[in-house]
Amino acid sequence: MIKTEVIVGKLRLKNPVLVASGTFGYGDELIGTIDINKLGGIVTKSLTLKPKVGNPPPRVAETPCGMLNSIGLANIGVDKFINEKLPLLRNFDTAIIVNIAAKRIEDYCEIIKRLEDTEGVSAYEINISCPNVKEGGLEFGTNIEMTAKIVNATRKLTSKTLIIKLTPNVTRISEFAKVCKEEGADAVSLINTVVGMAIDIKTRKPKISTITGGLSGPAIKPIALAKVFEVFQNVDIPIIGIGGITTWEDAIEFMIAGAKAIQVGTANFIDPNTPINIISGIIRYCEENKIEDINDIVGSIIVETFPH
Amino acid sequence: MIIKTISTILSNEPVGENIYRIELLSPEISTASKPGQFINIKVSENLDPLLRRPFSVYNVIDDRIQIIFNVVGKATKILSSKKVGEKIDIIGPLGNGFNLNDDFDTALIVAGGLGIAPFPFLTKILKEKNKNIISLVGARTKSQLVLDGFVNVNTATDDGSYGHKGTVVELFKLKVMNNDIVKTPSAFKVFACGPIPMLKAIIELCDKLNLNCEVSVEAPMACGTGLCQGCAVKTRDGKYKLACKDGPIFNSKDILL
């Protein structure tokens, strides 16, 4: 029996495979389609204080081995989530990680306060890295002082595991991870999408209404892996790896680079069973390689020279 | 209930200029499908093209399901070269389907280009319900008209090579202005599918004539199941609905194209 449990902050995950925010709805859409109890955890769609209708269409466009999106954080708002979605999610034997987004520090705090009064939330993932909203989002995640302030303010409100989701659209992501650790975050998750663009050459118009969007999918996997490794080398904080993970081999690669857990995102759009297949693939890999505890893979990368 | 299955290709043939029709064996999805719904196909196991591609259910014949498509990009090129006996990964039936419970005697079907896609199946079910059907089908030219499965057809081609010379919207105008429709609009229901400018024009006319109208809307889509929120369609109250889940069939009074 392979030990698959990993610990991220105070959070015990029965296995390291989570589903990424915005790719699994609020978790309830897929009840009956996949066995949710098998997942290490669900990261919900980003919740804001008030419901958001999202960006105008077109919101998605496919690019080679990836996709651009600009959904604009369309969501039902924290109150409706608490009243309508959380009671369903509570019944599952999996970690419920609530992703929150806001355009003001006070709003991040207010959302956490409301969620602290409920039961069923296992951890928070703070989104400071959405590239598709005017205020907040990337503006916070690319500014080191703002990042520090948000972590500091939200940390004071909860003893639950606090995960900060980082953007790759910065020069040194490890500087941001370092600040997160200093301000008391339990973990960082990376990467959010990479700013990208596509143009329709017939109409000469951008394929996304907001001109640029967030690139995700296998196209960004090497970028994500490099960022995970950079943080692993430079900061002592648990890392959740995200970016183009589609197969169990991808997941193992991220864990070897230093990720304690991983999130499956875009691949859920193609097959929502992907995370379940990845879990069985990881277990098989451990069995075949005589690895008894999955934690032994984490950060097991062998390098002879270090990147600059 | 969404069904995911590996389906065998039973036929794949050109039915018009650059237009192919594929027949798939899928007893589960065939039984569950309603006219106006769609299936989402993973055309290859490779990472490019990455996402599934949505196709209207063109027709259902016993345990078989048909789709029709124009070869326009990477994915449809791959699909057009699929051989009989090959297997592909499909999910469906997705979306809401046409509402056939309204009170109407005559269906007025309006299809532009590949907007024919949902109508042979709809026609079949309307016939079972003993509705009168008038079909208006438009294409650029005769070689791109695929009229199988339509009944009581009037055609329009941009170049005049078959039927009315002009667009299907003009044909629709001629039709609705020239008979009983104006007098008793409630006996009719319009079902339209085609390019966005065409749908806009049809919706405008239906608004004017107070005709009940449903349109099948295409939007760039990633998952087809509501997870990604990508396929937003603007509603008249300034919000958005999803083409994959709330649609792809919308009442013309609800949306703003």
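This is a predicted model, so every value here is computed, not measured.

What counts, and at which threshold
Residues numbered from 1 in each chain as written. Chains lettered and ligands numbered in written order. Predicted model: local features only at pLDDT ≥ 70, side-chain atom pairs only at ≥ 80, totals over all residues. Heavy atoms only, no water. Helix = DSSP H or I, 4+ residues; strand = E, 2+ residues; numbered from the N terminus. Rg over C-alpha atoms; globule rule 2.2 N^0.38 Å. Buried < 20%, exposed > 50% of the residue type's maximum accessible area, 1.4 Å probe, protein only. Contact = heavy atoms within 4.5 Å. Areas by Shrake-Rupley, 256 points an atom, 1.4 Å probe, with all protein chains shown as cover. Lys, Arg positive; Asp, Glu negative; His and termini not counted. Charge placed at Lys NZ, Arg CZ, Asp CG, Glu CD. Salt bridge = Lys/Arg side-chain N within 4 Å of Asp/Glu carboxyl O. 1 Å grid on protein atoms, 1.4 Å probe; cavity = no way out; pocket = protein on both sides within 12 Å on 5 of 7 lines; lining within 4 Å. Points joined across faces, edges and corners; volume = space filled by probe spheres on them. Nonpolar A, V, L, I, M, F, W, Y, C, P; charged D, E, K, R; others polar. Disulfide = S-S within 2.5 Å. Buried area = accessible area lost by both parts, 1.4 Å probe. Polar contact = N/O pair within 3.5 Å; in protein donor to acceptor, adjacent residues only side chain to side chain. Pairing = 2+ DSSP bridges. Axes fitted to C-alpha atoms, helices over the stretch in contact; angles between N-to-C directions. Parallel < 35°, antiparallel > 145°, perpendicular 65-115°, else oblique. Left-handed = near helix turned anticlockwise from the far one by under 90°. Phe/Tyr/Trp six-rings, centres within 6.5 Å; stacked < 30°, edge-to-face > 60°.

Description of the overall build of chain A
Moving on, step 1. Of the regular secondary structure elements, chain A holds nine helices and 16 strands.
Moving on, step 2. Taken against the 2.2 N^0.38 rule, which gives 19 Å for 308 residues, the C-alpha radius of gyration of chain A at 18 Å falls within 12% of a compact globule.
Moving on, step 3. For chain A, the spread of C-alpha atoms along the three principal axes comes to 50 × 50 × 40 Å.
Moving on, step 4. Split into buried and exposed, the 308 residues of chain A put 61% on the buried side.
Moving on, step 5. In chain A, the proportion of contacts linking residues at least 24 apart, taken out of those at least 6 apart, comes to 71%.
Moving on, step 6. For chain A, the accessible surface area stands at approximately 12600 Å², while carbon and sulfur atoms represent 52% of it.
Moving on, step 7. Across chain A, 34 positive and 35 negative side-chain charges occur, with their mean positions spaced 6 Å apart.

Brief notes about the pattern of salt bridges
Moving on, step 1. In the structure shown here, the tally under the stated rule is 28 salt bridges over all chains.
Moving on, step 2. Measuring nitrogen to oxygen at the nearest pair gives 2.9 Å for the salt bridge that ties A:Arg114 to A:Asp79. Pair noted here: A:Arg114 is in helix H2 (residues 105-116) and A:Asp79 is in helix H1 (residues 78-89), with a separation of 35 residues, a long-range link.
Moving on, step 3. Under the relative-accessibility criterion, A:Arg114 is labelled partly exposed at 28%.
Moving on, step 4. Ionic pairing is found between A:Arg172 and A:Glu230, a salt bridge with its closest N-O pair at 3.9 Å. On the criterion of sequence distance, the pair formed by A:Arg172 in the loop between strand E9 (161-165) and helix H5 (173-182) and A:Glu230 in helix H6 (residues 221-234) is long-range, its members being 58 residues apart.
Moving on, step 5. Take A:Glu230: its relative accessible area is 12%, and that puts it in the buried class.
Moving on, step 6. Taken together, the shared-partner salt bridges connect A:Asp271, B:Lys4, B:Arg52 and B:Asp89 into one network.

Structural notes on empty space enclosed by the protein
Moving on, step 1. Counted according to the given criterion, the structure contains two cavities of 30 Å³ or more.
Moving on, step 2. What the largest cavity holds in volume is close to 480 Å³.
Moving on, step 3. Along its surface, the largest cavity is lined by 34 residues, and A:Ser21, A:Thr23, A:Asn69, A:Asn192 and A:Thr193 are the ones closest to its centre.
Moving on, step 4. Looking at the lining of the largest cavity, the elements that each hand over two or more residues are strand E6 (66-69) and strand E16 (261-264) of chain A.
Moving on, step 5. In terms of residue class, the lining of the largest cavity is built from 14 nonpolar, 18 polar and two charged.
Moving on, step 6. In this structure, the second largest cavity occupies an estimated 50 Å³ of space.
Moving on, step 7. Lining the second largest cavity are A:Gly217, A:Pro218, A:Gly244, A:Ile245, A:Thr246, A:Gly265, A:Thr266, A:Ala267, A:Ile270 and B:Leu50.

Digging into the state of the cysteines
By definition, a disulfide links two cysteine residues through a covalent bond between their sulfur atoms.
All names here are of chain B.
Moving on, step 1. Summed over all chains, the structure comprises zero disulfides over all chains.
Moving on, step 2. Of the cysteine sulfurs around Cys213, a residue in no disulfide, the closest is that of Cys206, at 3.9 Å.
Moving on, step 3. Cys213 gets classed as buried once you look at its relative accessible area, which sits at 0%.
Moving on, step 4. Unpaired in this structure, Cys244 has its nearest cysteine sulfur neighbour in Cys231, at a distance of 3.7 Å.
Moving on, step 5. Judged by relative accessible area, Cys244 falls into the buried class, the value being 3%.

Structural notes on the interface of chain A and chain B
Moving on, step 1. The partner chain B presents 22 residues to the 30 residues of chain A that form the contact.
Moving on, step 2. Of the roughly 2200 Å² buried between chain A and chain B, counting both surfaces, carbon and sulfur atoms make up 68%.
Moving on, step 3. Summed over the three residues of chain A that lose the most area to chain B, namely A:Glu62, A:Phe269 and A:Ile270, the buried surface amounts to 29% of that side.
Moving on, step 4. Seen at the junction of chain A and chain B, the total is two salt bridges.
Moving on, step 5. Across the pair B:Lys4 and A:Asp271 runs a salt bridge whose closest N-O atoms are separated by 3.8 Å.
Moving on, step 6. The tally of links from chain A across to chain B stands at five residue pairs in polar contact (both at pLDDT 80 or more).
Moving on, step 7. Among the secondary structure elements, those contributing two or more residues to the side of chain A that touches chain B are strand E5 (60-63), E6 and helix H8 (267-270) of chain A.
Moving on, step 8. If one sorts the elements of the side of chain A that touches chain B by residue count, H8(A) sits on top with three residues.
Moving on, step 9. Of the residues that constitute the side of chain A that touches chain B, the class distribution is 15 nonpolar, 10 polar and five charged.

Some thoughts on the sheet that holds strand E7 (residues 95-100) of chain A
Residues and elements named next belong to chain A.
Moving on, step 1. Taken together, eight strands build a closed barrel; the order of strands is E3-E4-E7-E8-E9-E10-E15-E16 and the barrel is parallel. With strand direction ignored, the average angle separating the axes of adjacent strands in the sheet is 25°.
Moving on, step 2. Pairing geometry for strand E10 (residues 187-190) and strand E15 (residues 239-242), over three bridges, is parallel. Paired with Leu190 across the two strands is Gly241, which belongs to E15.

Looking at H5(A)
All names here are of chain A.
Moving on, step 1. Residues of H5 that are buried: Ile173, Ser174, Phe176, Ala177, Val179 and Cys180.
Moving on, step 2. Close packing links the buried residues of H5 with helix H3 (138-141), helix H4 (144-155), E9, E10 and H6.
Moving on, step 3. At the C-terminal side of H5, Gly184 shows a positive phi close to 100°.

Notes on the packing of H1(A) against H2(A)
Residues and elements named next belong to chain A.
Moving on, step 1. Two elements in contact, H1 and H2, have axes whose closest approach is 10 Å; the angle formed by their N-to-C orientations is 20°. The orientation of H1 relative to H2 falls into the category roughly parallel. Classified by chirality, the crossing of H2 by H1 is right-handed. Contact residues: H1 offers Val78, Asp79, Phe81 and Ile82, while H2 offers Ile111, Arg114 and Leu115.
Moving on, step 2. Taken together, the residues of the contact of H1 with H2 break down into five nonpolar, no polar and two charged.

A short note on the packing of aromatic side chains
Residue and element names in this part refer to chain A.
Moving on, step 1. Applying the stated criterion across every chain, the model contains nine aromatic pairs over all chains.
Moving on, step 2. When the centroid spacing of 6.1 Å and the interplanar angle of 45° are considered together, the rings of Tyr108 and Phe140 count as tilted. Residue Tyr108 is located in helix H2, and its partner Phe140 is located in helix H3; the two are separated by 32 residues in the primary sequence. Residue Tyr108 shares its accessibility class with Phe140, and that shared class is buried.

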